Amino acid sequence: MTKTAACNLILLGPPGAGKGTQARMLEEKFGLVQLSTGDLLRAAVAAGTEAGKQAKSVMEAGGLVSDEIVIAILRDRLAEPDCAAGVILDGFPRTPVQAAALDDLMGTIDSAINAAISLEVDDAAMVERVAGRYTCAGCGEGYHDSFKTPATAGACDKCGGTEFKRRADDNAETVSERLAAYHAQTAPLIAFYDDKGILQRVDAMGDIDVIATELGTIVQKIVA
Ligand code: ADP
Ligand code: ADP
Ligand code: ZN
């Protein structure tokens, strides 16, 4: 395969940092494909696959699913043709082993990661963000009880759907486990990508639209 001008991004950040929210906006704006390992794992749990069965209890407890399972799921998804245009990795890699596997995977498809964007937020804000999070059951659009409510109460802005859902692991106890896992296993990746010269830090405590503009500027420079 020949090298294309595909733009491949990593969004790094703790639970609630806004990775999913921003990934969806970048997907629309730049035609990139959002790859959320959390979404892929939740789909595997719902489908009752072998990987899903193994992941379920780990996810409920707020731990990290094994590198082996997550890498296999990501590898399969990355091989699908739509990913050739460029991907936004949301929630992957989360460990140094996953980061090394990603380098290998990108090498095999003669591609590379263009930027790793670290969404920088305070731990204290994360609990509030995660506790108020819900999504449209129809299209997956993300909302928040206080910070992002639909324009018309009870109806999704994107698809008009009226059914919404909350994640089982979005509760205060599990969030502290997830934050601990982030600091122990994922935060070291910030230095890993800084050493590679592709790290971009973004203050993710501000308004969703302000952050989106900042990310848009970063991505625009890559795709230009
Ligand atoms: P992540 O994918 O990093 O876990 P999400 O994108 O799902 O985070 O965001 C977590 C929650 O916080 C969602 O309910 C979302 O609507 C809300 N949110 C996202 N970004 C912001 C922001 N900049 N300010 C306030 N709330 C936000
Ligand atoms: P958030 O962005 O709010 O942390 P995700 O949807 O990315 O949530 O992940 C939910 C859960 O799925 C994690 O707590 C973890 O158990 C599992 N998970 C998702 N991605 C990975 C990954 N790359 N490695 C290991 N576990 C993962
Ligand atoms: Zn919707």
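Nothing here was measured: the structure is a model prediction, and the numbers come from that model. (Residues numbered from 1 in each chain as written. Chains lettered and ligands numbered in written order. Predicted model: local features only at pLDDT ≥ 70, side-chain atom pairs only at ≥ 80, totals over all residues. Heavy atoms only, no water.)

**What about the coordination of the zinc ion (ligand 3)?**
The coordination sphere of the zinc ion (ligand 3) contains the protein donors C136 (SG), C139 (SG), C156 (SG) and C159 (SG), at a distance range of 2.3 to 2.4 Å. Coordination at the zinc ion (ligand 3) is tetrahedral, judged from the four donor atoms that bind it and the angles of 99 to 116 degrees they form at the metal. Written as a sequence motif, the donor arrangement for the zinc ion (ligand 3) is C-x2-C-x16-C-x2-C. Separated by 17 residues along the polypeptide, C139 in the loop between β5 (133-136) and β6 (142-144) and C156 in the loop between β6 and β7 (164-165) bring together distant segments of the chain. Since its relative accessible area comes to 5%, C156 is described here as buried. (Donors = N, O, S within 2.8 Å, 3.2 Å for Na, K, Ca; no water. Tetrahedral: all angles 85-135°; square planar, octahedral: opposite > 155°, others 65-115°. Helix = DSSP H or I, 4+ residues; strand = E, 2+ residues; numbered from the N terminus. Buried < 20%, exposed > 50% of the residue type's maximum accessible area, 1.4 Å probe, protein only.)

**What to know about the site of ligand 1**
Taken together, 17 residues lie around ligand 1, and G16, K19, T21, R133 and Y143 are the ones closest in. The backbone of A17 places a nitrogen or oxygen atom 3.2 Å from an oxygen atom of ligand 1. The separation between a nitrogen atom of ligand 1 and a polar main-chain atom of G206 is 2.8 Å. For ligand 1, the accessible surface in isolation is 560 Å², of which the surrounding protein chains cover 91%. (Near = heavy atom within 4 Å. Polar contact = N/O pair within 3.5 Å; in protein donor to acceptor, adjacent residues only side chain to side chain. Areas by Shrake-Rupley, 256 points an atom, 1.4 Å probe, with all protein chains shown as cover.)

**Things to note about the site of ligand 2**
Close contacts around ligand 2 come from 19 residues, with T37, G63, R94, R133 and R178 the closest. Here a nitrogen atom of ligand 2 and a side-chain polar atom of T37 are 2.8 Å apart. G91 is positioned with one of its backbone polar atoms (N or O) 2.9 Å from a nitrogen atom of ligand 2. Counting residues per element, the shell around ligand 2 draws most heavily on helix α2 (residues 37-47), at four residues.

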